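Given next are the chains, with one letter for each unit.
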Amino acid sequence: MASQNLASNQDAVKVVKFGGSSLADAEHFRMVADIVRGEDSRRYVIPSAPGKRFKEDDKVTDLLYKCYEVSADRAALKEVFSRVRERYELIIEGLGLDLDLSAEYAMIESSIAHHAGRDYAASRGEYLNGVILAKYLGYDFIDAVSVIRFSDNGSFDSELTNTIMAETLKRHERAVIPGFYGSMPNGTVKTFSRGGSDITGSIVARAADAVLYENWTDVSGFLMADPRIIDNPSVINVITYKELRELSYMGATVLHQDAIFPVRFAGIPINIKNTNAPECPGTMIVPTTDDLSSVVTGIAGKVGFSVLNIEKDMMNAELGFGRRVLEVLERLGVSFEHFPSGIDTMSIIVNTNDIASCRQRIIDEICRVCEPEVINIEDGLALIAVVGRGMVKAKGTAAKLFKACADADINIRMIDQGSSEFNIIIGVDAKDFERAQKAIYAEFEK
Ligand code: ASP
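Everything numeric here is computed off the predicted structure, so don't read it as measured data.

## Section: helix α2 (residues 26-38)
In this model, α2 (13 residues) spans 18 Å end to end at C-alpha, consistent with the 18 Å of a helix rising 1.5 Å per residue. The complete set of buried residues in α2 reads Ala26, His28, Phe29, Val32, Ala33, Ile35 and Val36. On its buried face, α2 sits against β1 (14-18), β2 (42-47), α4 (74-95), α6 (118-137) and β7 (212-217).

Next comes the structure, spelled out in structure tokens:
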């Protein structure tokens, strides 16, 4: 009977991931359990480590990184680790759980003291939260070290992981799998970058062939603009993976930018939802959609870019000029962001931090291999991406964008629009960064 149930449920698996603020204390654990139990299809649950309960609070992951930093000093380690332990004990007590983790705590503290490593220390936040959540929900616990695999060079091994994960999930009708970490071929723990539980959720969704990946957080969806710059920006109802990728790359947070890949590969939609307001529909992230009702889906930007300007008469006729310039950057380990060019001019946009140690070498090398007439580097550029699937073939979008900037007295230093036509990127002076976003938002949020 049990296996029949498993088979009939198979079509409607949902993978649900909860962020740190959704699991910061016992009260939030209860809200999470109500959400999970609210739909039978919510069979695989991915927890983050407990986040902040109030503004000045510490995230457990940050405390664990601190444990690692002070690990040579036993007394300091004891003090910081006791704060970690207290967070979990409060949750266990608040939930009235019959769960004794003292052996786990002792083992973790001792392993950190005995050089188990930075990633191991950080991963214990998700591990312990997973153990508690599994117990509270009555779900199986699957340790991420057994199912998430990295290669020897430290990169995530997506295919091996998918095979192992899919096989393992078949043996568990319902399970909690802690986010953020996995293991190296030699068995040591390795984490993704910060916020990486989003990636784990996406990996599990792909392996479970889920109909939906729900990513529960503390905001009611993906916002059309940065709320630190725009007051109360609207929530995006529907966004495609491609648009999201552009906006995340340009600094929009909510979802880890690498979390898109596993589900995108499998065509599984992601629903960003708010644990504190589960009735809100949130944002649906989908492979494609016919909904082209708004021209601009979102706006995001970053400061800290530099422009490498190169000029040379008859540059257009010199075969291989661009290649030689880019080879210099490649040799010096600098990747470029954009590459707008004229007939005898070329501008290359790079991250200012990336060129900090090799500015003069870039100039010297390019002078040597290309002999330009003018070459210089200008700093202080900010990039703003205006992204929208509705832009394709829509007339007047660029005109509106430039008029909005002109009316706000903002000079546009660079323009980049690919022929895929769903993203216009402009470069402005860093001092105009916020004003430009406000002007653009006001123009398109109508
Ligand atoms: N706990 C980890 C962090 O704070 C991973 C996560 O929450 O996704 O970055």
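Let us keep going from here.
## Let's talk about the layout of surface pockets
Looking at the largest pocket, its volume works out to about 810 Å³. Along the wall of the largest pocket there are 33 residues; nearest its centre are Lys17, Lys59, Gly195, Asp198 and Val254. For the lining of the largest pocket, the secondary structure elements donating two or more residues are α8 (197-207), β7 and α9 (241-249). Here the lining of the largest pocket takes three residues from β7, the largest share from any one element. Broken down by class, the residue content of the lining of the largest pocket amounts to nine nonpolar, 16 polar and eight charged. Of the voids in this model, the second largest pocket is the one considered here, and its volume is about 440 Å³. Contributing to the lining of the second largest pocket are 22 residues, with Asp226, Pro227, Arg228, Ala252 and Thr253 lying nearest its centre. Counting residues per element, the ones that place at least two in the lining of the second largest pocket are β11 (298-311) and α14 (433-444). Of all the elements, β11 adds the most residues to the lining of the second largest pocket, at three residues. Classifying every residue of the lining of the second largest pocket by side-chain character gives 14 nonpolar, five polar and three charged.

## Re the packing of helix α3 (residues 60-69) against α4
Two elements in contact, α3 and α4, have axes whose closest approach is 9 Å; the angle formed by their N-to-C orientations is 155°. On the basis of the axis angle, α3 is roughly antiparallel to α4. As α3 packs across α4, the resulting crossing turns out to be left-handed. Contact residues: Val60, Leu63, Leu64, Lys66 and Cys67 in α3; Leu77, Val80, Phe81, Arg83, Val84, Arg87 and Tyr88 in α4. Residue composition of the contact of α3 with α4, grouped by class: nine nonpolar, no polar and three charged.

## Some remarks on the pairing of strand β14 (residues 374-387)
Residues in a regular strand project their side chains so that they alternate between the two faces of the sheet. Strand direction decides the pairing type here: β11 and β14, joined by eleven bridges, are antiparallel. The residue bridging Ile299 from the neighbouring strand is Val386, located in β14.

## Quick word on the side chain of His28
Structurally, His28 can be placed in helix α2. A distance of 3.2 Å separates polar atoms of two side chains, one belonging to His28 and the other to Asn276.

## Describing empty space enclosed by the protein
Enumeration over the complete set of coordinates arrives at one cavity of 30 Å³ or more. Counted as a void, the largest cavity has a volume near 40 Å³. Phe156, Ser158, Asn162, Ile203, Arg206 and Pro262 together form the lining of the largest cavity. Broken down by secondary-structure element, the contributors of at least two residues to the lining of the largest cavity are α7 (158-170) and α8. Considering only residue class, the lining of the largest cavity consists of three nonpolar, two polar and one charged.

## Topic: the site of the ligand
Taken together, the neighbourhood of the ligand is formed by Ser48, Thr61, Glu126, Phe180, Arg194, Gly195, Gly196 and Ser197. The contact in question runs from an oxygen atom of the ligand to an N or O atom on the side chain of Ser48, over 3.2 Å. Note that an oxygen atom of the ligand is positioned 2.8 Å from one of the backbone N or O atoms of Gly195. With respect to the detected pockets, the ligand is housed in the largest pocket. Among the residues making up the shell around the ligand, the classes are represented as one nonpolar, five polar and two charged.

Parameters at a glance
- Residues numbered from 1 in each chain as written.
- Predicted model: local features only at pLDDT ≥ 70, side-chain atom pairs only at ≥ 80, totals over all residues.
- Heavy atoms only, no water.
- Helix = DSSP H or I, 4+ residues; strand = E, 2+ residues; numbered from the N terminus.
- Expected span 1.5 Å × (residues − 1).
- Buried < 20%, exposed > 50% of the residue type's maximum accessible area, 1.4 Å probe, protein only.
- Contact = heavy atoms within 4.5 Å.
- 1 Å grid on protein atoms, 1.4 Å probe; cavity = no way out; pocket = protein on both sides within 12 Å on 5 of 7 lines; lining within 4 Å.
- Points joined across faces, edges and corners; volume = space filled by probe spheres on them.
- Nonpolar A, V, L, I, M, F, W, Y, C, P; charged D, E, K, R; others polar.
- Axes fitted to C-alpha atoms, helices over the stretch in contact; angles between N-to-C directions.
- Parallel < 35°, antiparallel > 145°, perpendicular 65-115°, else oblique.
- Left-handed = near helix turned anticlockwise from the far one by under 90°.
- Pairing = 2+ DSSP bridges.
- Polar contact = N/O pair within 3.5 Å; in protein donor to acceptor, adjacent residues only side chain to side chain.
- Near = heavy atom within 4 Å.
- Sits in = over half its atoms within 2 Å of the grid points.

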